[in-house]
Amino acid sequence: MPGRLAGRRALVTAAAQGIGRAAALAYAAEGAEVIATDKDAARLAELRAPGLTTRVLDMLDPAAIAAAGQEAGALDILFNCAGFVHQNTVLTATDAEWDFAFDLNVRSMWRMVRAVLPGMLERKRGAIVNMASACSSLKGAPNRFVYGTTKAAVIGLTKSIATEYVRDGIRCNAICPGTVDTPSLGERIAANAAQAGSVEAARAAFVARQAMGRLATAEEIAALAVYLASDESTFVTGQAMVIDGGWML
């Protein structure tokens, strides 16, 4: 039986690990032809699945983004997953952190959409999925000043694109997760270990803020990415889809 994405072509950013990796594999499992991109060539090379090809891509390089969009050709799906989580407050954040976060978390999404949208408009079909966060305009979180600000911008970017092209066959939605068990989270846990007393205590603090008492898996977020890319969601656009284990309750 054909998968839900059979005959579709997808490009996924930040596909070497975490949510991006899970989404690239899930798209391929559902029958899509997937271009998995990341700047980490070594980890990207480990990603294999039928119908999946890889391409090294630095999302901070505007020329590389434009080239990737041109080389990809006509796409049905774009999953903008690249991003970074700084730990800071309004008083501790630096100009360098602000600039880096907006470059990667927001500006790179705009550039990637700009690169692939003309092909979608020509075919009158396209599903764009942007990685936002429950920590955004939806909810504040301690020590996430710059990150939450950028993810609020992603929601605004998503709604603007959805509104602009709602009658042109283009859908654009954002995924807003709670805390997800990924290598990126592992790095933040390690960074908090000294203050928390141990790695275990730092991890427990992340788990404690989730109402379900556990972290999300990357595969759970990827399942939502599949839904938003599929025909099951053809009446869904401009939405900030929360998948947070009850964090916002």
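Computed from a predicted model, the values in this text were never measured in an experiment.

Undergrad: Would you explain the overall build of the chain in this entry?
TA: Broken down by element type, the chain carries eight helices and nine strands. In terms of C-alpha radius of gyration, the chain reaches 17 Å, essentially the compact-globule figure of 18 Å for 249 residues. Across the chain, contacts joining residues at least 24 apart in sequence account for 68% of those joining residues at least 6 apart. Accessible surface computed for the chain: about 11400 Å², of which carbon and sulfur atoms make up 56%.

Undergrad: Would you explain the packing of helix 4 (residues 95–123) against helix 5 (residues 145–164) in this entry?
TA: Angle between the axes and distance between the axes: these two values describe a pair of packed helices. Orientation of helix 4 relative to helix 5, taken along the N-to-C sense of each, is 20°, at an axis distance of 9 Å. If you check the angle between helix 4 and helix 5, you find them roughly parallel. Crossing geometry of helix 4 relative to helix 5 is assigned as right-handed. Where helix 4 abuts helix 5, its residues Glu-97, Trp-98, Ala-101, Phe-102, Asn-105, Val-106, Met-109, Trp-110 and Val-113 lie against Phe-145, Val-146, Tyr-147, Thr-149, Thr-150, Lys-151, Ala-153, Val-154, Leu-157 and Ile-161. Considering only residue class, the contact of helix 4 with helix 5 consists of 14 nonpolar, three polar and two charged.

Undergrad: Is there a simple way to think about the packing of aromatic side chains in this case?
TA: For any pair of aromatic rings, the description consists of the separation of the ring centres together with the inter-plane angle of the planes. The full count for this structure, using the stated rule, is four aromatic pairs. Taken together, a centroid distance of 5.7 Å and an interplanar angle of 90° make the contact between Phe-84 and Phe-100 edge-to-face. Separated by 16 residues along the polypeptide, Phe-84 in the loop between strand 4 (77–80) and helix 4 and Phe-100 in helix 4 bring together distant segments of the chain. According to the relative accessible area criterion, Phe-84 is partly exposed, its value standing at 35%. Phe-100 sits in the partly exposed class, given a relative accessible area of 29%. Taking 5.9 Å as the distance between ring centres and 35° as the angle between the ring planes, the aromatic pair formed by Trp-98 and Phe-145 counts as tilted. Placement of Trp-98 in helix 4 and of Phe-145 in helix 5 is noted, with a sequence separation of 47 residues between them. Since its relative accessible area comes to 34%, Trp-98 is described here as partly exposed. Residue classification places Phe-145 among the partly exposed residues on the basis of a relative accessible area of 30%.

Undergrad: What is the right way to look at the environment of Pro-2 in this model?
TA: By secondary structure assignment, the location of Pro-2 is in the segment before strand 1 (9–12). The class for Pro-2 is exposed, based on a relative accessible area of 68%. Residues Pro-2 and Ile-77 lie 75 residues apart in sequence; the distance between their C-alpha atoms is 17 Å.

Undergrad: What am I meant to see in a nonpolar patch on the surface here?
TA: A surface patch of nonpolar side chains, about 430 Å² in accessible area, is lined by Val-90, Leu-91, Trp-98 and Phe-145. Looking at the element boundaries, Leu-91 is found in the loop between strand 4 and helix 4. The exposed category is assigned to Leu-91, whose relative accessible area is 79%.

Undergrad: When you look at the sheet that holds strand 3 (residues 52–56) in this model, what are you seeing that I'm missing?
TA: Either a parallel or an antiparallel arrangement is found when strands of a sheet pair, and the pairing is made through backbone hydrogen bonds. Sheet architecture is open: seven strands sit in the order 3-2-1-4-5-6-9, paired in parallel fashion. Bordering the open sheet on either side are strand 3 and strand 9 (240–243), each of which pairs with just one other strand. Averaged over neighbouring strand pairs, the angle between their axes works out to 20° when direction is ignored. The sheet contact formed by strand 2 (residues 33–38) and strand 3 spans five bridges and is parallel. Its bridge partner lying in strand 3, Asp-38 is registered against Val-56. In the packing of helix 3 (residues 62–72) onto the sheet, the strands contacted are strand 1, strand 2 and strand 3, and the crossing angle to strand 3 comes to about 155°. In the packing of helix 8 (residues 218–229) onto the sheet, the strands contacted are strand 4, strand 5 (126–131), strand 6 (170–177) and strand 9, and the crossing angle to strand 6 comes to about 165°.

Undergrad: Teacher, can you tell me more about the pairing of strand 5 here?
TA: In summary, the side chains of a regular strand alternate between the two faces of the sheet. The buried fraction of strand 5 is high, at six of six residues. Neither face of strand 5 is exposed, since Gly-126, Ile-128 and Asn-130 on one face and Ala-127, Val-129 and Met-131 on the opposite face are all buried. Where strand 4 and strand 5 come together, four bridges link them in parallel fashion. Pairing of Asn-80 across the sheet is with Asn-130, part of strand 5. In this fold, the crossover linking strand 4 to strand 5 by way of helix 4 has right-handed handedness. Pairing between strand 5 and strand 6: six bridges, direction parallel. Residue Met-131 lies in a different strand from strand 6, and its bridge partner there is Ile-175. Following the chain from strand 5 across helix 5 to the adjacent parallel strand 6, one finds a crossover that is right-handed.

Thresholds, definitions, all that
Residues numbered from 1 in each chain as written. Predicted model: local features only at pLDDT ≥ 70, side-chain atom pairs only at ≥ 80, totals over all residues. Heavy atoms only, no water. Helix = DSSP H or I, 4+ residues; strand = E, 2+ residues; numbered from the N terminus. Rg over C-alpha atoms; globule rule 2.2 N^0.38 Å. Contact = heavy atoms within 4.5 Å. Areas by Shrake-Rupley, 256 points an atom, 1.4 Å probe, with all protein chains shown as cover. Axes fitted to C-alpha atoms, helices over the stretch in contact; angles between N-to-C directions. Parallel < 35°, antiparallel > 145°, perpendicular 65-115°, else oblique. Left-handed = near helix turned anticlockwise from the far one by under 90°. Nonpolar A, V, L, I, M, F, W, Y, C, P; charged D, E, K, R; others polar. Phe/Tyr/Trp six-rings, centres within 6.5 Å; stacked < 30°, edge-to-face > 60°. Buried < 20%, exposed > 50% of the residue type's maximum accessible area, 1.4 Å probe, protein only. Patch = residues over 30% accessible without salt bridge, like charges linked within 9 Å, V, L, I, M, F, W, Y side chains within 5 Å. Salt bridge = Lys/Arg side-chain N within 4 Å of Asp/Glu carboxyl O. Pairing = 2+ DSSP bridges. Right-handed = clockwise from strand over helix to strand, strands pointing away.

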